[in-house]
Amino acid sequence: MHLCFKFSRSQSSLRLVRNLSSAQLPHLPVPALQDTLKKCLRTIQPLVTEEQLKQTDSIFKKFGEPGGLGAKLQDLLLNRAEKEENWLAEWWLNTAYLEFRSPVVVYSSPGLVMPQQEFESVEDQLHFAAQLILAVLDFKSLIDREQLKPEMMGKDPLDMAQYKKVFGTCRLPRIPRDELVYHPTSKHIIVMHRNNIFQLNVLAEDGSLYSESQLFSALGLITDLTEQEVTPVGLLTSDSRDNWSKSYQLLAQDAANLEVLKSIESALFVVCLDQPSGTMGLDDRTVSGRQTMHGDGAMSNGGNRWFDKTIQFLVSEEGRVGLTYEHSPAEGQPIASIVDHIMGYIDGNKFEQVVGDPTPAANLCIPLKFKISNEVQEAIKSAAANLENLVNNVEACGFSFDKYGKEFIKSQKLSPDSYIQMAMQFAFYRLHKVPAAHYESAATRKFLHGRTETIRSCSVESVAFAKTMLDSSASPHQKLAALKKAINGHKDYTLQALNGLGVDRHLLGLKLTAISHGLPVPPLFSDPGYLQSLHMRLSTSQVAVKSDGFMIYGPLVEDGYGCCYNPRSNDIKFGTTALNSCAETSAVKFVESLDQSLTDMHQLLISTPTAHL
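Computed from a predicted structure; not experimentally measured.

Parameters at a glance
- Residues numbered from 1 in each chain as written.
- Predicted model: local features only at pLDDT ≥ 70, side-chain atom pairs only at ≥ 80, totals over all residues.
- Heavy atoms only, no water.
- Core = buried A, V, L, I, M, F, W, Y, C linked by side-chain atoms within 4.5 Å.
- Buried < 20%, exposed > 50% of the residue type's maximum accessible area, 1.4 Å probe, protein only.
- Helix = DSSP H or I, 4+ residues; strand = E, 2+ residues; numbered from the N terminus.
- Contact = heavy atoms within 4.5 Å.
- Pairing = 2+ DSSP bridges.
- Axes fitted to C-alpha atoms, helices over the stretch in contact; angles between N-to-C directions.
- Polar contact = N/O pair within 3.5 Å; in protein donor to acceptor, adjacent residues only side chain to side chain.
- Salt bridge = Lys/Arg side-chain N within 4 Å of Asp/Glu carboxyl O.

Here's the deal with the nonpolar core
Inference 1: With 83 residues, the main nonpolar core has Y419, F465, F574 and L594 as its most contacted residues.
Inference 2: In terms of residue count, helix α14 (residues 416-432) provides more of this core than any other element does, nine residues in total.
Inference 3: In this view, Y419 contacts Y404, I409, L414, I487, L598, M601, H602 and L605; residues no more than four positions away in its chain are not counted.
Inference 4: Of all hydrophobic cores here, the second largest spans 61 residues; its members include I143, V315, V339 and V545.

Looking at the sheet that holds strand β12 (residues 365-368)
Picture the strands of a sheet paired through backbone hydrogen bonds; they go either parallel or antiparallel.
Inference 1: One open sheet holds the eight strands; their spatial order is β12-β8-β7-β9-β10-β11-β2-β17, and the pairing between them is mixed. Single-partner strands in this sheet number two, and they are β12 and β17 (550-552). Each adjacent strand pair in this sheet contributes to an overall mean axis angle of 25 degrees, direction not counted.
Inference 2: With five bridges connecting them, strand β9 (residues 270-274) and strand β10 (residues 311-316) associate as parallel partners.

Structural notes on the environment of D571
Inference 1: Note on placement: D571 falls in the loop between β18 (561-567) and β19 (572-579).
Inference 2: Residue classification places D571 among the buried positions, given a relative accessible area of 11%.
Inference 3: The spacing of D571 and G303 is 268 residues in sequence and 34 Å in space, taken between C-alpha atoms.
Inference 4: Setting aside residues no more than four positions away along its own chain, D571 makes contact with F401, D402, Y404, G405 and N566.
Inference 5: Only 3.4 Å separates the side chain of D571 from the side chain of K573, close enough to count as a polar contact.

Concerning the pattern of salt bridges
Inference 1: Under the criterion given, the structure shown has 33 salt bridges.
Inference 2: Ionic pairing is found between K403 and D595, a salt bridge with its closest N-O pair at 3.0 Å. In this pair, K403 sits in the loop between β13 (394-401) and α13 (406-411) while D595 sits in helix α19 (residues 587-607), placing the two residues 192 residues apart along the sequence.
Inference 3: With relative accessibility at 53%, the residue K403 sits in the exposed group.
Inference 4: D595 sits in the partly exposed class, given a relative accessible area of 23%.
Inference 5: With a shortest N-O distance of 3.4 Å, K573 and D571 are connected by a salt bridge.

Take a look at the structure:
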């Protein structure tokens, strides 16, 4: 029997997945109320009119009055922080993920593109898939044996708990809040091929690995057993969470279906053996990005997925490789570390062989078949149509900026992350002639059970930089000064966010404190200026992988962009998105503006004598 940890309350579940480091990590702080209000007001300033800023300032001051509602909520939040290992963890998991009712596809779950492979046959595809499975299991063994090297942020150790949450984990659709279940001791994975679902046993009863040849044979048998016409039940997982919850209950009414669901949910991870994409007229990076985000819809590989699983790897006949991950248990960097391990493992050709007689392939794989009622069949048709609409609305653009990378930026004594963030601000302003509220995720893993804080990258300084760069009368030295001031401002906010002193999680905590104590939600949270600062037209994140890859996800708002980036030594990889339903935005035009902005910034630095000082 597999050990199953059911999510009911975050602290109890989190104790089951302790960080690998023995270091006693500090608890997430609660920032001082006045500091948060002052800092937040300054981030609102470049986004609103002077009159609106005055109104917002008035509301903020009233909220922060001694003895007022803000002070009361602050005291209640401080009390919570004294009792909880992390005052935010449960709230964040619920509000950011498990209570989110839109599809996880595009809106929540990112895709990660790995380097394109050259497969000359289906056998090549299956050999690679077998090697990938072994590489992933090798990484998991490091976690299980607590041999994964603890990560550091400077001198501070980081919480490694997220690594123990990604294997054997599944999100279950529930109304009004989804659930997470953990199955860390499972010995099987799920393989999907042409919408068929198979259980593949990858570990023997004693925990030893099967060999590459055994796994290759089992994968070959799976392709032989695949039925050409099978109902794509996986499409249901791409639908809204409420729709999928209702369909899940219909499926689970049948005992045999319930067993299939349990096998999928308890699997360590999913491997999707994909068909050629069939997409024409787009470059390879963009096609791969689309496949990892949503499978390109029901007519492509969208049904060959189970989007509730934390990790599902994609290996297509045409050499596209990547993964889709359900975001609720972990952030992007642990997933990126797995990718680095996979590529290093495969490149090094390190494949363990099982000693003894090979287990027949037929004993390793089990076809899983659902009984489909008419009601479920209709739900699948509806999910297919909904996914098709979503896919058609997402404009994706995979972009490789090859003129320089982080080594050049560091040679100028500048922060690569802050530099790239300011390039995005510049690109947006160049394209739209207005500043954009701008989200960047900062990891707070230096704290116990830490997840993220928001870096508000749009600032008074970033807007001044963009305007100065576009001002033909500004001198190179004025432009350079504006660039450095913007970068330094971003670096300062980043440092505060990494140390748990941003504004967004604190303000969320105050709002949820009011709700949980039956108190009125303060007017601050409905103030137009504050809401404008939450309308993040740029949703960005740095997810660094060593290989030629990038992460990609959808925009946070309809008139916005998603932009994830991988800064490497001599290039920067971007995954960008926009929604076709918004006439104002275009992923392709944003990429063109970003290319030009990065080029202009480079030219400024190399042509201005004092740039390196």
